Amino acid sequence: MKKLALAGLFAISMLSGCMTEVNKTPVIISENSSCAVMPFVNYSETPLAGESAASIAFGVLKAKGYNVSKAFDLKEKDFDSSEIKNIEQQLKTEGYTCAVGGYVNEWRYKTGIDGEPAVSVTIYVENLKTGNVTSTLTVSGTSWGHKSISVLYQELLNKEF
């Protein structure tokens, strides 16, 4: 009976079209902080996924009423960890108190007839004065082939912010 129930739950989750996993601490950006969204480091095989993920995160945070600025221009290149550290130092000298950064782990369309989008992104908020990460959020998901990667990622963020 337990095996039948587990098989039923598995089938329902597969048929739902979107399996999502979220690990997080509360996203803490205080109202009086001066926060900037940095470029995200791209660990996926998709070029410029870090820029896409950071731009969408910036848009969602702004739309939700967070006081954030964009700390990068679209350079059509992926940023590495050392470049991110340089941007953090620049933000400190410009008077920012926090930074929103992230890591793109997966940003692709699965192979097959439908080409379903698959996304996995970790986002963090760092206190620039102390260097401590105050909160993290990891969103991962897949969806049906009629949805784009960007739409899937934006939907995941809208559920969490």
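Let me sum up the structure you'll find in this document.

Thresholds applied
- Residues numbered from 1 in each chain as written.
- Predicted model: local features only at pLDDT ≥ 70, side-chain atom pairs only at ≥ 80, totals over all residues.
- Heavy atoms only, no water.
- Helix = DSSP H or I, 4+ residues; strand = E, 2+ residues; numbered from the N terminus.
- Buried < 20%, exposed > 50% of the residue type's maximum accessible area, 1.4 Å probe, protein only.
- Areas by Shrake-Rupley, 256 points an atom, 1.4 Å probe, with all protein chains shown as cover.
- Axes fitted to C-alpha atoms, helices over the stretch in contact; angles between N-to-C directions.
- Parallel < 35°, antiparallel > 145°, perpendicular 65-115°, else oblique.
- Left-handed = near helix turned anticlockwise from the far one by under 90°.
- Contact = heavy atoms within 4.5 Å.
- Core = buried A, V, L, I, M, F, W, Y, C linked by side-chain atoms within 4.5 Å.
- Phe/Tyr/Trp six-rings, centres within 6.5 Å; stacked < 30°, edge-to-face > 60°.
- Salt bridge = Lys/Arg side-chain N within 4 Å of Asp/Glu carboxyl O.
- Disulfide = S-S within 2.5 Å.

The next point concerns the overall build of the chain. A count of helical and extended segments in the chain gives 4 helices and 7 strands. In sequence order, the chain lays out its α and β elements as α-β-β-β-α-β-α-β-β-β-α. For the chain, the residues scored as buried account for 40% of the 161 residues in total. Working note: accessible area of the chain is about 9100 Å², and carbon and sulfur atoms make up 55% of it.

Packed helices, taken two at a time, are described by their axes: the angle between them and the distance between them. Here helix α2 (residues 49-63) crosses helix α4 (residues 149-160) at 40 degrees, and the two axes come no closer than 10 Å. Relative to α4, the element α2 is oriented oblique. In this structure, the crossing between α2 and α4 has a hand that is right-handed. Contacts between α2 and α4 involve Ala53, Ile56, Ala57 and Val60 on the former and, on the latter, Ser150, Tyr153, Gln154, Leu157 and Asn158.

On to the nonpolar core, then. Counting residues in hydrophobic clusters, the biggest one holds 30 residues, and the most contacted among them are Val37, Phe40, Trp107, Val121, Ile123, Tyr153 and Leu157. Where this core is concerned, the elements lending two or more residues are β2 (35-37), α2, β5 (98-109), β6 (117-127), β7 (133-142) and α4. No other element matches α2, which puts 8 residues into this core. When residues no more than four places from it in sequence are discounted, the contact partners of Ile123 are Phe40, Ala57, Val100, Gly101, Gly102, Ser135, Thr136, Leu137, Tyr153, Leu157 and Phe161. By size, the runner-up hydrophobic cluster in this structure holds 11 residues, among which are Met38, Ile87, Leu91 and Ala99.

With that settled, the discussion passes to the packing of aromatic side chains. Applying the stated rule across the entire model yields 4 aromatic pairs. Consider the rings of Tyr66 and Phe161, whose centres lie 6.3 Å apart with planes at 70 degrees: the pair is edge-to-face. You can see Tyr66 sitting in the loop between α2 and β4 (68-70) and its partner Phe161 sitting in the segment after α4, a full 95 residues away along the chain. Ring centres 5.2 Å apart and planes at 70 degrees place the aromatic pair Trp107 and Tyr153 in the edge-to-face group. Within this pair, whereas Trp107 is found in strand β5, its partner Tyr153 is found in helix α4, the two being separated by 46 residues in sequence. An aromatic cluster is defined as three or more aromatic residues linked by ring pairs; in this entry it consists of Tyr43, Tyr103 and Tyr124.

With that settled, the discussion passes to the pattern of salt bridges. Counted by the stated rule, this structure contains 3 salt bridges. Lys85 is the partner of Glu88 in a salt bridge, and the nearest nitrogen-oxygen pair spans 3.4 Å. With Glu88 and Lys85 both in helix α3 (residues 81-93), this residue pair falls 3 residues apart, about one helical turn. With a relative accessible area of 5%, Glu88 lands in the buried category.

In the structure shown here, the tally under the stated rule is 1 disulfide. Through a disulfide, Cys35 is tied to Cys98; the S-S separation comes to 2.2 Å. Disulfide Cys35 to Cys98: torsion about the S-S bond roughly -135 degrees, handedness left-handed. Highlighted residues: Cys35 in strand β2 and Cys98 in strand β5, separated in sequence by 63 residues.

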